[in-house]
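These are the residues of each chain, in order.
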Amino acid sequence: MHGIRKEHENLLLQVTGLTKQFGGVRAQDNVSFGVEQGSVLGLIGPNGAGKTTLFNMITGVCVPDKGEILFDGRSITSLPVHKRVTAGIARTFQNVELFPGMTVLENVLVGMHVRLKSGFWGAVIRSPRVVKEEQQARKKALAILEFTGLLSYADRLACDLPVGRQKTAEIARALATDPKLILLDEPAAGLNRIESMALGELICKIKARGITLMLVEHDMGLAMEVCDKILVLDRGEAIALATPQQITNDQKVMDAYLGEEFQCLN
Amino acid sequence: MDKERVHNLLFVGVVVVTGVVVENTYLLQVMTFIGINTLLALGLNMLMGYAGQVSLGHGAFYGIGAYATAYLSGTLGISPWLALVCAIFLAVGVAFVVGRPTLKLSGYYLGMGTLGFGMIVHILFREAGSITGGASGFVGIPMLTLGPLLFEGGQSYFYLVWAVVFGAIFLCRRILDSKTGRALAAIHGRENAAVALGVDAHSLKLTVFMFSAALGAVAGFLYAHFVLFISPDSFGFMASVKMVTMVVIGGMASVWGALIGAVVITLLPEVLHGFADHEMIVFGLILMGVMIVMPQGLTKGVMERYARYKKRA
């Protein structure tokens, strides 16, 4: 594979030799790549290529059989999920996973969980410091809702929002964890063209804040538009890492991703 | 003043006035039991209603509280208040040891695990005769005193129990209205999403499990010094089931629900005495009826019906 420069110092996330086997299936086969600080990396590949497995290993939901994950200069390979969130990794889900019985604001507040210091006893004693922290958390949550354009939905129940808004609310909730890296799992799935464009803008706004993003996306138009680099996975292997333009001109990628038909059409 | 504060004051007022007005010892006794049961339901509601984790073995913590104070204050003769502290620590410690592996289970499996735990503890109460008095029970639990105050049945004990209930409601409210409460609701809603946001689900469940065990132990302590005689069967499988029933009947995830559940489950057997042998059948039928008509529990069920009625009127 091409495009990896190991000497690069500006990598926020560096994955080396990641391997994961589920029974007889190699979901991840010796995958290595790096994500530059402040960039957007797209993840494409046919169904079953191992995109979600890769996300699950970076977030800590599943443990790799082999390989290492370096984040922000230190190994996180054996850290549990909540410690990785504290370290600065947040995610959204392929199917919306908002807390249905809570308001949008409360959903975002749950996202701040690891950043709030008061614990069980803090809640009981409720010192002025705890009260102040809670007020500041609300303020910050509202600011995040404004940033994502959801302020008018703050007090609505999450399950009452249209799908597009729910997807945005998930991103808002991920932003509340104060992340360095956000993983978006198919953020445009189920969105119409207008919503999809708004999503593209939001991704650029998040990037402008200095936050690094990784996204799994089937909407090639969106991926081409927002991604700095694209990583192509096929049957658990990373077959290419390059700019969107290079990817579209890469015959190997086109074969794997779009199949032989693409050639006929061309 | 906001609505919630009005409700709280009204509630406290009703309890205080009840204690003054009611002179019938039997009634006071029943209402004291309601208070003790409310404590049990409150604790279990935190675990079941809010965190969404089923426990079918909570009678064990109730029993641990009762037997710990019975042994420490009755046999060893130390101050019951010191015994209370020990009882709480013991219950919390046991909850930690049991909860750590068990709370990794979920749904029916957690129910089975806690069920087994409850049974083991029940057998221990029955078989450790030299400490617990065995199947025939523990006699000789001292009455509670505080300075010149003697809490013997009647009014004084009624107020003591309800003061503790108010304290417990206050505690639960504070915990629920915080980062911890939000995280609990998040785990209940979608555990994987909560975990992905950095909620340490296992340790939070364990914390709530220990908290509810502590409330159970306090209830056991109050029960022991009230009835002054305890036997293993008060803390067996049926006690655990009764606690779950209180939470479900009253309404999950509601502090008032715990109270309503405790009222219903304490009063029903008293009211049904007339049915003699058929008492349990009628009891079961009523519970089934409530669950069919108001599956979300009495509190929410009645409130919804009232709202609908008001709309129509």
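Just so it is clear, the model here is predicted, and its values are computed rather than measured.

Turning to the domain arrangement of chain A, a few remarks are in order. Residue and element names in this part refer to chain A. Here the domain parsing of chain A yields domain 1 (1-88 + 179-266) and domain 2 (98-178). Taken together, the contacts link 19 residues of domain 1 with twelve residues of domain 2. The largest share of the area that domain 1 buries against domain 2 comes from P179, L202 and R209, three residues that together contribute 35% of it. Seen at the junction of domain 1 and domain 2, the total is zero salt bridges. Contributions of two or more residues to the side of domain 1 that touches domain 2 are made by α2 (81-87), β7 (181-185) and α7 (193-208).

Before going further, it helps to spend a moment on the confidence of the model for chain A. Residue and element names in this part refer to chain A. Mean pLDDT for chain A: 87, with 93% of residues reaching 70 or above. Counted against residues more than four places away or in other chains, residues 1-7, with its pLDDT under 50, gives 15 contacts. This model gives residues 261-266 a pLDDT under 50, and the stretch forms three contacts once residues within four places in sequence are excluded.

Further remarks concern the pattern of salt bridges. Residues and elements named next belong to chain B. All told, the structure shown has 15 salt bridges over all chains when counted by the stated rule. Taking the shortest distance from any N to any O, the salt bridge between E4 and R173 comes out at 3.6 Å. One end of the pair, E4, is in helix α1 (residues 3-21); the other, R173, is in helix α7 (residues 154-176), with 169 residues separating them in the sequence. Taking the shortest distance from any N to any O, the salt bridge between E127 and R126 comes out at 3.5 Å. By relative accessible area, which is 57% here, E127 ends up exposed.

Moving on: the packing of aromatic side chains. Summed over the entire model, instances satisfying the criterion amount to 20 aromatic pairs over all chains. With a centroid separation of 5.1 Å and an interplanar angle of 85°, the aromatic rings of F11 of chain B and W256 of chain B are classed as edge-to-face. In this pair, F11 of chain B sits in helix α1 while W256 of chain B sits in helix α12 (residues 255-271), placing the two residues 245 residues apart along the sequence. Ring centres 5.6 Å apart and planes at 50° place the aromatic pair Y62 of chain B and Y223 of chain B in the tilted group. Taken as a pair, Y62 of chain B in helix α3 (residues 59-75) and Y223 of chain B in helix α10 (residues 201-227) lie far apart in primary sequence, 161 residues in all. The residues Y62 of chain B and Y223 of chain B share a single accessibility class, namely buried. Clustering of aromatic rings is evident, with ring pairs tying together F33, Y62, Y67, F125, Y157, Y223, F226 and F235 of chain B. One Lys or Arg, K205 of chain A, reaches over the ring of F147 of chain A and ends 4.7 Å from the middle of that ring. In this arrangement the basic side chain of R209 of chain A is found over the ring face of F147 of chain A, its NZ or CZ atom lying 3.8 Å from the centre.

Residue and element names in this part refer to chain B. Closest axis-to-axis distance for the α3/α10 pair is 6 Å, and the angle between their directions is 50°. By the angle between their axes, α3 is oblique relative to α10. The handedness of the crossing between α3 and α10 comes out as right-handed. Across the interface between the two elements, F61, Y62, G65, A66, T69 and S73 of α3 pack against F209, A213, G216, A217, A219, G220, F221, Y223, A224 and H225 of α10. Of the residues belonging to the contact of α3 with α10, the class tally is ten nonpolar, six polar and no charged.

The subject of this paragraph is the sheet that holds β7 of chain A. Residue and element names in this part refer to chain A. Read across the open sheet, the six strands follow the order β6-β7-β8-β3-β9-β10; overall the sheet is mixed. At either end of the open sheet lies a strand with only one pairing partner, and these are β6 (89-91) and β10 (237-242). Sheet twist, expressed as the average angle between the axes of neighbouring strands with direction ignored, equals 20°. When strand β3 (residues 40-44) meets strand β8 (residues 212-216), the two strands line up parallel, connected through four bridges. What sits directly across from V40, in β8, is L213. Contacting β3, β6, β7, β8 and β9 (229-234), helix α1 (residues 51-59) runs over the sheet at an angle of about 150° to β7. On top of the sheet, α7 reaches β3, β7 and β8; it is set at about 150° to β8, its chief contact.

So, on to empty space enclosed by the protein. Residue and element names in this part refer to chain B. Tallied over the full model, the rule gives one cavity of 30 Å³ or more. Considering the residues around the largest cavity, the lining is formed by L56, G57, G59, A60, L115, G118, M119, F235, G236, F237 and S240. Elements supplying a minimum of two residues to the lining of the largest cavity: α3, α5 (107-127) and α11 (237-250). With three residues, α5 is the single largest residue contributor to the lining of the largest cavity. Across the lining of the largest cavity, the residue classes break down as six nonpolar, five polar and no charged.

Here we take up the interface of chain B and chain A. Counting residues at the interface gives 23 residues for chain B, matched by 30 residues for chain A. Here chain B meets chain A over a buried area of about 2500 Å², counting both sides, of which 65% is carbon and sulfur. When the buried area of chain B at its contact with chain A is split by residue, K179, R182 and L197 of chain B rank highest and sum to 32% of it. At the junction of chain B with chain A, the criterion picks out three salt bridges. Linking R126 of chain A and D177 of chain B is a salt bridge whose minimum nitrogen-to-oxygen distance equals 3.5 Å. One can count ten residue pairs in polar contact (both at pLDDT 80 or more) joining chain B with chain A. Those elements that provide at least two residues to the side of chain B that touches chain A are α7, α8 (179-189), α9 (191-196) and α10 of chain B. For the side of chain B that touches chain A, the element with the highest residue contribution is α8 of chain B, accounting for six residues. Among the residues forming the side of chain B that touches chain A, the class breakdown is twelve nonpolar, five polar and six charged.

So, how was this worked out
- Residues numbered from 1 in each chain as written.
- Chains lettered and ligands numbered in written order.
- Predicted model: local features only at pLDDT ≥ 70, side-chain atom pairs only at ≥ 80, totals over all residues.
- Heavy atoms only, no water.
- Domains from an automatic or database assignment.
- Contact = heavy atoms within 4.5 Å.
- Buried area = accessible area lost by both parts, 1.4 Å probe.
- Salt bridge = Lys/Arg side-chain N within 4 Å of Asp/Glu carboxyl O.
- Helix = DSSP H or I, 4+ residues; strand = E, 2+ residues; numbered from the N terminus.
- pLDDT = per-residue confidence, 0-100.
- Buried < 20%, exposed > 50% of the residue type's maximum accessible area, 1.4 Å probe, protein only.
- Phe/Tyr/Trp six-rings, centres within 6.5 Å; stacked < 30°, edge-to-face > 60°.
- Lys NZ or Arg CZ within 6 Å of the ring centre and 35° of its normal.
- Axes fitted to C-alpha atoms, helices over the stretch in contact; angles between N-to-C directions.
- Parallel < 35°, antiparallel > 145°, perpendicular 65-115°, else oblique.
- Left-handed = near helix turned anticlockwise from the far one by under 90°.
- Nonpolar A, V, L, I, M, F, W, Y, C, P; charged D, E, K, R; others polar.
- Pairing = 2+ DSSP bridges.
- 1 Å grid on protein atoms, 1.4 Å probe; cavity = no way out; pocket = protein on both sides within 12 Å on 5 of 7 lines; lining within 4 Å.
- Points joined across faces, edges and corners; volume = space filled by probe spheres on them.
- Polar contact = N/O pair within 3.5 Å; in protein donor to acceptor, adjacent residues only side chain to side chain.

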